[in-house]
Amino acid sequence: AQSVTQPDIHITVSEGASLELRCNYSYGATPYLFWYVQSPGQGLQLLLKYFSGDTLVQGIKGFEAEFKRSQSSFNLRKPSVHWSDAAEYFCAVRNQAGTALIFGKGTTLSVSS
Amino acid sequence: DAGVTQSPTHLIKTRGQHVTLRCSPISGHKSVSWYQQVLGQGPQFIFQYYEKEERGRGNFPDRFSARQFPNYSSELNVNALLLGDSALYLCASSSGTTEGTEAFFGQGTRLTVV
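Let us look at the structure shown here. This one's a predicted model, so the numbers in the text were calculated from it and none came from an experiment.

1. Section: the interface of chain B and chain A
Now for step 1: Every contact between the two is made by 23 residues of chain B and, on the other side, 23 residues of chain A.
Now for step 2: Summed over both sides, the interface between chain B and chain A buries roughly 1,800 Å², with carbon and sulfur atoms accounting for 49% of that surface.
Now for step 3: Inspection of the region where chain B meets chain A yields one salt bridge.
Now for step 4: Measuring nitrogen to oxygen at the nearest pair gives 2.9 Å for the salt bridge that ties Lys-49 of chain A to Glu-102 of chain B.
Now for step 5: Along the contact surface separating chain B from chain A lie six residue pairs in polar contact (both at pLDDT 80 or more).
Now for step 6: Secondary structure elements with two or more residues in the side of chain B that touches chain A: β4 (31–37), β5 (44–50), β6 (53–57) and β9 (87–94) of chain B.
Now for step 7: With three residues, β4 of chain B is the single largest residue contributor to the side of chain B that touches chain A.
Now for step 8: Split by residue class, the side of chain B that touches chain A holds seven nonpolar, 13 polar and three charged.

As structure tokens, then:
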């Protein structure tokens, strides 16, 4: 069965420091992978997606993610974090039927000054 | 262009009652999906509708039902509410149903069951 694991429940990063959020997936074929961000009380906003091709994908707000098939990972990175990046981040994989997104439990990012 | 709109934004219901949540997709999108997000968890898939037909169903009891109208808007109905149904209900719309199709989410409806 498809699944997504986000090992880190909560991460605190200093403003201006780099960030990496981890995501591991379980999927039998070529995965369609997504990262979403959710601010408190809000819906989900798509940061970036991977379907095929270049394994390093660029997204909005300066985020990027790298797909590593050998490690079943799709980690999200940002070189310099801003206070406004504090939010909940979700990694997701589309199921094989194409009908649903399977989400991880999320990582809460706090940014310290 | 308007994004995905959901109504109401918040509501409080009593155990055993029924609730209807509404979603209007992005103009031109024919697929609507519903997700339940319990506090501290990731969203869980409930239903997908495309062209007014159910295309996918998650692991939820029969108390949950949905439908899609000719204008592609959708309703999610929950009967015999339980305390555990308290959650943020998210609607997502997309242009199609293929694996690579991007889903756009609404702000959600916060349901509290007391």
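2. Quick look at the pattern of salt bridges
All names here are of chain A.
Now for step 1: Taken as a whole, this structure holds eleven salt bridges over all chains when the rule is applied.
Now for step 2: For Arg-77, the salt bridge identified is with Glu-64, shortest N-O distance 3.3 Å. Residue Arg-77 is located in strand β9 (residues 73–78), and its partner Glu-64 is located in strand β8 (residues 64–68); the two are separated by 13 residues in the primary sequence.
Now for step 3: The exposure class assigned to Arg-77 is partly exposed, which follows from its relative accessible area of 22%.
Now for step 4: Among the ionic pairs, Arg-77 bridges to Glu-66, the shortest N-O distance being 3.1 Å. Pair noted here: Arg-77 is in strand β9 and Glu-66 is in strand β8, with a separation of eleven residues, a long-range link.
Now for step 5: Taken together, the shared-partner salt bridges connect Glu-64, Glu-66 and Arg-77 into one network.

3. Some remarks on the packing of aromatic side chains
Now for step 1: Under the definition given, this model contains 16 aromatic pairs over all chains.
Now for step 2: A ring pair is formed by Phe-34 of chain A and Phe-51 of chain A, whose centres lie 5.8 Å apart and whose planes are at 70 degrees; its orientation type is edge-to-face. Placement of the pair is Phe-34 of chain A in strand β5 (residues 33–38) and Phe-51 of chain A in the loop between β6 (45–50) and β7 (56–58), with a sequence separation of 17 residues.
Now for step 3: Considering the side-chain rings of Tyr-50 of chain A and Phe-67 of chain A, the 4.4 Å spacing of their centres and the 20 degrees angle between planes classify their relative orientation as stacked. Of the two residues, Tyr-50 of chain A is situated in strand β6 and Phe-67 of chain A in strand β8; the sequence distance between them amounts to 17 residues. As far as burial versus exposure is concerned, Tyr-50 of chain A and Phe-67 of chain A are alike and both buried.
Now for step 4: Three or more aromatic residues link up through ring pairs in this structure, and these residues are Tyr-32, Phe-34, Tyr-36, Phe-51, Phe-90 and Phe-103 of chain A together with Tyr-35, Phe-45 and Phe-105 of chain B.

4. Some remarks on the environment of Tyr-49 of chain B
All names here are of chain B.
Now for step 1: Following the sequence through the fold, Tyr-49 ends up in strand β5.
Now for step 2: Along the sequence, Tyr-49 and Trp-34 sit 15 residues apart, while their C-alpha atoms lie 8.8 Å from each other.
Now for step 3: Apart from residues lying up to four places away in sequence, Tyr-49 is in contact with Lys-30, Ser-31, Val-32, Glu-54, Arg-55, Ala-66, Arg-67 and Gln-68.

5. Points about the pairing of β9 of chain B
Within a regular strand, the side chains alternate between the two sheet faces.
Residues and elements named next belong to chain B.
Now for step 1: Most of β9 sits out of view: eight of its eight residues are buried.
Now for step 2: Residues Ala-87, Tyr-89, Cys-91 and Ser-93 of β9 are buried on one face, and the alternating residues Leu-88, Leu-90, Ala-92 and Ser-94, pointing to the opposite face, are buried as well.
Now for step 3: As paired elements, β4 and β9 share seven bridges and run antiparallel to each other. The partner of Gln-36 across the bridge, within β9, is Tyr-89.
Now for step 4: Note that β9 and strand β11 (residues 109–113) share three bridges and pair antiparallel. Bridge pairing in β11 places Ala-87 opposite Leu-111.
Now for step 5: Two strands pair when backbone bridges link them, and β9 and strand β10 (residues 104–105) are joined in this way by two bridges, in the antiparallel orientation. Counterpart to Ser-93 in the pairing with β10 is Phe-104.

The rules behind these values
- Residues numbered from 1 in each chain as written.
- Chains lettered and ligands numbered in written order.
- Predicted model: local features only at pLDDT ≥ 70, side-chain atom pairs only at ≥ 80, totals over all residues.
- Heavy atoms only, no water.
- Contact = heavy atoms within 4.5 Å.
- Buried area = accessible area lost by both parts, 1.4 Å probe.
- Salt bridge = Lys/Arg side-chain N within 4 Å of Asp/Glu carboxyl O.
- Polar contact = N/O pair within 3.5 Å; in protein donor to acceptor, adjacent residues only side chain to side chain.
- Helix = DSSP H or I, 4+ residues; strand = E, 2+ residues; numbered from the N terminus.
- Nonpolar A, V, L, I, M, F, W, Y, C, P; charged D, E, K, R; others polar.
- Buried < 20%, exposed > 50% of the residue type's maximum accessible area, 1.4 Å probe, protein only.
- Phe/Tyr/Trp six-rings, centres within 6.5 Å; stacked < 30°, edge-to-face > 60°.
- Pairing = 2+ DSSP bridges.

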